[in-house]
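Spelled out from the first residue to the last, the chains are:
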Protein chains: 2
Amino acid sequence: MTTAKTRHHHGDLKRALIKAGIDLLEEGGLEALSLRKCAARAGVSHAAPAHHFAGLPGLISAIAEEGFAIFSKYMTDAIDAGKQTDRERLRSTCRGYLQFGLSHSGLLKVMFGEHGLGIHAPRNKREEADAYLILRSVCAPFVPEGEDSQIVEAQVWSLIHGFTLLYLGGEFGCTDTPLEDSPFEAVMALIDRIGTPAKA
Amino acid sequence: MTTAKTRHHHGDLKRALIKAGIDLLEEGGLEALSLRKCAARAGVSHAAPAHHFAGLPGLISAIAEEGFAIFSKYMTDAIDAGKQTDRERLRSTCRGYLQFGLSHSGLLKVMFGEHGLGIHAPRNKREEADAYLILRSVCAPFVPEGEDSQIVEAQVWSLIHGFTLLYLGGEFGCTDTPLEDSPFEAVMALIDRIGTPAKA
DNA sequence: AAGATTAACTTTACAGTGTCAAAATCATCG
DNA sequence: CGATGATTTTGACACTGTAAAGTTAATCTT
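It should be emphasised that the depicted structure is a prediction, and the values quoted were computed from it without experimental measurement. (Residues numbered from 1 in each chain as written. Chains lettered and ligands numbered in written order. Predicted model: local features only at pLDDT ≥ 70, side-chain atom pairs only at ≥ 80, totals over all residues. Heavy atoms only, no water.)

A. Focus on the overall build of chain A. From N to C terminus, chain A includes 8 helices and 0 strands. When the helices and strands of chain A are read in sequence order from the N terminus, they spell out α-α-α-α-α-α-α-α. Put simply, chain A has 200 residues, and 46% of those count as buried. Contacts in chain A between residues at least 24 apart in sequence constitute 66% of all its contacts with a sequence separation of at least 6. Split by element, the accessible area of chain A, about 9,800 Å² in all, is 54% carbon and sulfur. (Helix = DSSP H or I, 4+ residues; strand = E, 2+ residues; numbered from the N terminus. Buried < 20%, exposed > 50% of the residue type's maximum accessible area, 1.4 Å probe, protein only. Contact = heavy atoms within 4.5 Å. Areas by Shrake-Rupley, 256 points an atom, 1.4 Å probe, with all protein chains shown as cover.)

Structure below.
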């Protein structure tokens, strides 16, 4: 095997580098993330990462992948927390979305490509698609017969994504106000109206 | 006077630096922006900017201010384009919001603090507040009697902000599809329901 | 088992970056 | 004219990412 356990030198660099990168990210934000610091944390030379990732963008891409996995976990955990109706599942998913952003803002920024240009090297296929599938599944009950499911998904995603980023940026006032306070409930109220007939 | 026109050396650095920074941003994205390159474009030494801004964060902050001014212009221009009903004004504002993002994605990222940590040095007071006032004014007609205006504002802002960023990130497919195509109309449809009574 | 080959990692070097301290320049005022 | 203070330059430092060449360890081949 070529990528198993006891490799000659380090054993499992690549994973160690990704973990170091995530730690750096959570400790000091985007600015604190650097190839050389990751290498140092993993106990290897500063040029070692080049053999596992295509430079810094490659490492960031790998970190983003891991981020999407954690992100998915936040959403599924929120869903599985005893909620039952379709509407409650949708709300819980959004709550998980926000909660992930609050707990891992650095990851969120990296995942959605705010670290430089728009798109990072290769698009993260698997993990990102998995996360989208969760969103899709909770949106499905609200898609009208024969309509494009992307409509509801875009509405929900735009709403919760926008709110999370604005809230995180402090645009709604202090970031350390109670969770359910603030305009979050307003956004939830609008979520509740998605897929619902308008008044005649 | 201290910040007028024909000053001794350059004449009007600071503005030249800001302009150079914006140009860099539009040409090469966030990565292309650097203090030294701004200085070079303005024809001064690499350490000259330090006397006009508090380092790179200071310059970015100044650029963001300018960005908010341009941003406001996009929205007011969209509003003044012949629309009349309150609903149409709201839609036009959102269209201007998106249009600004599409035309100045680098500025948008800088303005909303995606360039590192969350908050850049001093919060841009004036220009940012002005932009928010535009949003507030078009939202006002849809705020129910005696309710907090922030509710409607947060709903609209989250929706259009989230959509703009997701669309810009290519999350809704190709970025170069026709403007009014894509899920943009879905978001507009949801905007139309804000401040409207739900069906009994 | 012994030599050859490949992969992982190190070392060295280079072009950039932001930032600071000291020196030089210039405009203006007294 | 001389002095003062703001403006800019020069030089240096500690970082950053990246590329090339050298070194070591594991695997493959015969």
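B. Up close: the nonpolar core. Counting 116 residues, the largest nonpolar core has Ile 63 and Val 156 of chain A together with Ile 63 and Val 156 of chain B as the members making the most contacts within it. Aside from chain neighbours lying at most four places away, what touches Ile 63 of chain B is Ile 18, Gly 21, Ile 22, Leu 25, Leu 33, Leu 107 and Val 110 of chain B. (Core = buried A, V, L, I, M, F, W, Y, C linked by side-chain atoms within 4.5 Å.)

C. The arrangement of the packing of helix H3 (residues 55-79) of chain B against helix H4 (residues 86-103) of chain B in detail. Residues and elements named next belong to chain B. One way to put it is that H3 packs onto H4 with a least axis distance of 7 Å and a crossing angle of 140 degrees. The angle between H3 and H4 places the two elements in the oblique class. The crossing of H3 and H4 is right-handed. The segment H3 lies against H4, with Gly 67, Ile 70, Phe 71, Tyr 74, Met 75, Ala 78 and Ile 79 engaging Arg 89, Ser 92, Thr 93, Gly 96, Tyr 97, Gln 99, Phe 100 and Ser 103. Counted by class, the contact of H3 with H4 contains 8 nonpolar, 6 polar and 1 charged residues. (Axes fitted to C-alpha atoms, helices over the stretch in contact; angles between N-to-C directions. Parallel < 35°, antiparallel > 145°, perpendicular 65-115°, else oblique. Left-handed = near helix turned anticlockwise from the far one by under 90°. Nonpolar A, V, L, I, M, F, W, Y, C, P; charged D, E, K, R; others polar.)

D. Representation of the packing of aromatic side chains in the model. By the definition in use, this model includes 22 aromatic pairs over all chains. An angle of 90 degrees between the planes, with centres 4.8 Å apart, marks the rings of Phe 71 of chain B and Tyr 97 of chain B as edge-to-face. Within this pair, whereas Phe 71 of chain B is found in helix H3, its partner Tyr 97 of chain B is found in helix H4, the two being separated by 26 residues in sequence. Overall, the relative accessible area of 2% leaves Tyr 97 of chain B in the buried class. Following the ring pairs from residue to residue traces out a cluster consisting of Phe 68, Phe 71, Tyr 74, Tyr 97, Phe 100, Phe 112, Tyr 132 and Trp 157 of chain A together with Phe 163, Tyr 167, Phe 172 and Phe 184 of chain B. (Phe/Tyr/Trp six-rings, centres within 6.5 Å; stacked < 30°, edge-to-face > 60°.)

E. How the structure looks around the pattern of salt bridges. Residue and element names in this part refer to chain B. Within this structure, the stated rule accounts for 14 salt bridges over all chains. For Glu 27, the salt bridge goes to Arg 41, with nearest N and O atoms at 2.7 Å. Placement of Glu 27 in helix H1 (residues 15-28) and of Arg 41 in helix H2 (residues 35-41) is noted, with a sequence separation of 14 residues between them. Across the pair Asp 192 and Arg 91 runs a salt bridge, and its minimum N-O distance is 2.4 Å. (Salt bridge = Lys/Arg side-chain N within 4 Å of Asp/Glu carboxyl O.)

F. Quick look at the relation of the copies chain A and chain B. Of the two same-sequence chains, chain A is brought onto chain B (RMSD 0.0 Å, axial shift 0.0 Å) by a rotation of 180 degrees. Here the two chains are linked by the operation of a two-fold rotation axis. Taking C-alpha positions as the reference, the residue of chain A nearest the rotation axis is Gly 162 of chain A, at 1.7 Å. Looking at chain A, 100% of its interface residues are interface residues in chain B too, so the copies touch through the same face. (Least-squares fit on C-alpha atoms with pLDDT ≥ 70 in both.)

G. Representation of the interface of chain A and chain B in the model. Listed by partner, the interface residues are 41 residues for chain A and 41 residues for chain B. For the pair chain A and chain B, the summed buried surface comes to about 3,600 Å²; carbon and sulfur atoms form 61% of the total. Connecting chain A to chain B are 0 salt bridges. Seen at the junction of chain A and chain B, the total is 6 residue pairs in polar contact (both at pLDDT 80 or more). If you list the elements that add at least two residues to the side of chain A that touches chain B, you get helix H7 (149-168) and helix H8 (184-192) of chain A. Ranked by residues supplied to the side of chain A that touches chain B, first place goes to H7 of chain A with 12 residues. (Buried area = accessible area lost by both parts, 1.4 Å probe. Polar contact = N/O pair within 3.5 Å; in protein donor to acceptor, adjacent residues only side chain to side chain.)

H. Representation of helix H7 (residues 149-168) of chain B within the structure. Residues and elements named next belong to chain B. Over its 20 residues, H7 extends 28 Å from the first C-alpha to the last, a length consistent with the 28 Å expected when each residue adds 1.5 Å. For H7, the buried fraction is high: 17 of the 20 residues fall into the buried class. A side-chain oxygen of the first residue of H7 lies 3.1 Å from the backbone nitrogen of Gln 150; this N-cap is Asp 148. Looking one or two residues past H7, Gly 170 carries a phi angle of roughly 80 degrees, positive in sign. (Expected span 1.5 Å × (residues − 1).)

I. Spatial organisation of the environment of Thr 93 of chain B. Residue and element names in this part refer to chain B. Relative to the elements of secondary structure, Thr 93 occurs in helix H4. With relative accessibility at 2%, the residue Thr 93 sits in the buried group. Residues contacting Thr 93, with those up to four places away along its chain left out, are Met 75, Ile 79 and Val 138.

J. Spatial organisation of the packing of H4 of chain B against H7 of chain B. Residue and element names in this part refer to chain B. Running from N to C, H4 and H7 cross one another at 30 degrees; their axes reach a closest spacing of 10 Å. One finds that H4 runs roughly parallel with respect to H7. For the pair H4 and H7, the crossing hand works out as right-handed. On H7, the residues that touch Leu 90, Cys 94, Tyr 97, Leu 98, Gly 101 and Leu 102 of H4 are Val 156, Trp 157, Ile 160, His 161, Phe 163, Thr 164, Tyr 167 and Leu 168. Of the residues belonging to the contact of H4 with H7, the class tally is 11 nonpolar, 3 polar and no charged.

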